[in-house]
Amino acid sequence: MAYSFLTKKAAAGTALAATAALVFTGCGSSTGEDTLRIGIKYDQPGLGYQDGREYTGFDTEVARYVANELGYAEDQIEWVESPSSNRENMLSNGQVDMIFATYSISETRLKTVDFAGPYFVAGQDLLVQEGNTDVTGPESLGGKDLCSVTGSTSAKKIQDKYTSTVQLVQQNSYSDCVVALNAGMVDAVTTDDIILAGLASTKANKGELKVVGNTFTTERYGVGLPKGSDKCPAINAAINKMVETGVWEEALAKSVGDSGFKYNTELNPPKLTDACATVEKK
Ligand code: GLU
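Everything numeric here is computed off the predicted structure, so don't read it as measured data. (Residues numbered from 1 in each chain as written. Predicted model: local features only at pLDDT ≥ 70, side-chain atom pairs only at ≥ 80, totals over all residues. Heavy atoms only, no water.)

> Account for the sheet that holds strand S8 (residues 124-129), naming residues and giving values.
To summarise the sheet geometry, strands pair through backbone hydrogen bonds and adopt either a parallel or an antiparallel arrangement. The sheet built from 5 strands is open, its strands ordered S10-S9-S11-S8-S12 with mixed pairing. In this open sheet, the two strands that pair with only one neighbour each are strand S10 (167-171) and strand S12 (209-211). Within this sheet the neighbouring strands show an average axis-to-axis angle of 30 degrees, counted without direction. Relative to S12, S8 runs antiparallel, the two being bridged by 3 bridges. Bridge pairing in S12 places Val-128 opposite Lys-210. Most of the contacts of helix H7 (residues 174-182) go to strand S11 (residues 188-192), to which it runs at about 155 degrees, and overall it touches S8, strand S9 (145-149), S10, S11 and S12. (Pairing = 2+ DSSP bridges. Helix = DSSP H or I, 4+ residues; strand = E, 2+ residues; numbered from the N terminus. Axes fitted to C-alpha atoms, helices over the stretch in contact; angles between N-to-C directions. Contact = heavy atoms within 4.5 Å.)

> Quick one: what's the story with the environment of Ser-255, residue by residue and with numbers?
In this fold, Ser-255 is placed in helix H10 (residues 247-256). Separated by 195 residues in sequence, Ser-255 and Thr-60 have C-alpha atoms that sit 9.7 Å apart. From its side chain, Ser-255 meets the backbone oxygen of Ala-251 in a polar contact 2.7 Å long. (Polar contact = N/O pair within 3.5 Å; in protein donor to acceptor, adjacent residues only side chain to side chain.)

> Explain the pairing of S10 to me, using residue names and the numbers behind them.
Summarising the sheet, S9 and S10 pair through 5 bridges and their orientation is parallel. For Asp-145, the partnering residue across the bridge sits in S10 and is Gln-167. With helix H6 (residues 153-161) bridging S9 and the parallel S10, this β-α-β connection has right-handed handedness. (Right-handed = clockwise from strand over helix to strand, strands pointing away.)

> Pulling in residues and values, what's your account of the state of the cysteines?
Inspection of the entire model under this criterion finds 2 disulfides. A sulfur-sulfur distance of 2.1 Å marks the disulfide that ties Cys-147 to Cys-177. Note on the Cys-147 and Cys-177 pair: the S-S dihedral is about -75 degrees, so by sign convention the disulfide is left-handed. Placement of Cys-147 in strand S9 and of Cys-177 in helix H7 is noted, with a sequence separation of 30 residues between them. (Disulfide = S-S within 2.5 Å.)

> Provide a residue-level description of the sheet that holds strand S3 (residues 48-51), including the pertinent values.
In spatial order, the strands read S2-S3-S4; together these 3 strands make up an open sheet with antiparallel pairing. Whereas interior strands pair on both sides, the edge strands pair on one side only; in this sheet they are strand S2 (43-44) and strand S4 (54-56). One ladder, built from 2 bridges, connects S2 with S3; its direction is antiparallel. Looking across to S3, one finds that Gln-44 is bridged to Gly-48.

> Break down the site of the ligand for me, citing the residues and quoting the values.
Among the 16 residues in the neighbourhood of the ligand, the closest are listed as Lys-41, Ser-84, Thr-102, Tyr-174 and Asp-192. The separation between an oxygen atom of the ligand and a polar side-chain atom of Ser-84 is 2.6 Å. Sorting the residues of the shell around the ligand by element identifies H6 and S11 as the ones contributing at least two each. Of the residues contributing to the shell around the ligand, the split by class is 5 nonpolar, 7 polar and 4 charged. (Near = heavy atom within 4 Å. Nonpolar A, V, L, I, M, F, W, Y, C, P; charged D, E, K, R; others polar.)

> Can you break down helix H9 (residues 232-244) residue by residue, with the values?
Its 13 residues place the ends of H9 18 Å apart at the C-alpha level, agreeing with the 18 Å of an ideal helix rising 1.5 Å per residue. Those residues of H9 that sit buried are Cys-232, Ile-235, Asn-236, Ala-238, Ile-239, Asn-240 and Met-242. Buried residues belonging to H9 abut helix H3 (58-69), strand S6 (98-99), strand S7 (113-122), strand S13 (219-226) and H10. Looking one or two residues past H9, Gly-246 carries a phi angle of roughly 85 degrees, positive in sign. (Expected span 1.5 Å × (residues − 1). Buried < 20%, exposed > 50% of the residue type's maximum accessible area, 1.4 Å probe, protein only.)

> Outline H3, listing residues and values.
Along its 12 residues, H3 runs 17 Å from first to last C-alpha, staying within 8% of the 16 Å computed at 1.5 Å per residue. A large share of H3 lies buried, amounting to 10 of its 12 residues. Every buried residue belonging to H3 is among Phe-58, Asp-59, Thr-60, Glu-61, Val-62, Ala-63, Arg-64, Tyr-65, Val-66 and Ala-67, and all of these are buried. One or two positions beyond H3, positive phi appears at Gly-71, with a value near 100 degrees.

> Can you lay out the pattern of salt bridges for me, pointing to particular residues and giving the numbers?
Note on pairing: side chains with opposite charge can pair once their charged atoms come close. Tallied over the entire structure, the rule returns 9 salt bridges. With its nearest N and O atoms 2.8 Å apart, the salt bridge here joins Asp-97 to Arg-37. Remark: Arg-37 occurs in strand S1 (residues 36-40) and Asp-97 occurs in the loop between helix H4 (87-92) and S6; sequence separation between them is 60 residues. Its relative accessible area of 24% is what places Arg-37 among the partly exposed residues. Salt-bridge contacts for Lys-254 lead to Glu-61; the nearest nitrogen and oxygen are separated by 3.1 Å. (Salt bridge = Lys/Arg side-chain N within 4 Å of Asp/Glu carboxyl O.)

Everything listed here is a matter of coordinates, which is why it stays silent on function.
Now the structure itself:
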C-alpha cells in the first residue's frame, strides 16, 4: 500500500474528502486529478456488483485493466454507481470520467456520448421462473407482463417491436425486475443474456429462475466517454492487450463462468482499431 496520498491530501487540505475516501474504500485512495471516476452497475452479479467494500464482475475487471494501462493504480479508481437511465447524463455532466456498465453502443447514445470498445458482445434474452414453459422467445410474449429497465436498449427494443402484445413494466434496475419475477408479479425479465445469467446464478435464484437462451439482438458493450474524448486509441489498445494476454478470457471465466453462461464466440472477443466505436450498419 502506498501512503503518498497522505501527504498530497494534507497539502491539498482536503481532510474531509480524504476521510470520506478512506471510509468508502477501506484503504488509501487518491482524489482530485489523481483519481479516475468510473461508472459501473452495483447490482448486476458477474458484471458490476458492490459486495461490501469490494467491486466485482467483468465490467470492473476490464475497467481495472484499462485504468492500469492508462496509468491509474487500483487505489486511484473511484467507483460510481451508474444506473441505466443516468449514464449519458453522468458523462455529459462530468460526474464520471468513463463508464463500464453493460453499456451498449447505440445510435441514440452516440449523439451525446462517445464509446471506446466494444469489449464484449452480448444479446438480449429473457429470464423466467424455472417451471415456465410458455415463454420461449420474444414472439411468445403475447399478453404477458414483462419487466425491463428505464433507459435501457432492452426496454426500447420491446417498445419499438413488441409493445402491441406485451405489457412492459419498467424498473430502475434488473435486480428490481428479479424481485417482481420472483413474486410472480411479472412473467419474464428482459435484458442481455450475460446479465440474466449472472442474476439467475445467485444463491437465492439458483434453481428458481432460468435464462430462455434465445437471443434476439446484438449488444456491443462500449466504454462510455464524454463526447469529443481523446481516449479511444489508448482504451482500445488496452482492451486489445487484455485479450491478447489471455486476461480478458480469464476475467470472463472468473466473473460469469460459474453461471454456465456461454458467450458468442463468433462475436467475441472483439478486435479493435484506434477509432472510437460507431454503430454497425447491417
Ligand atoms: N446493454 C443494454 C443497455 O445498454 C442493457 C443493459 C443495461 O441496461 O445496462 O441498455
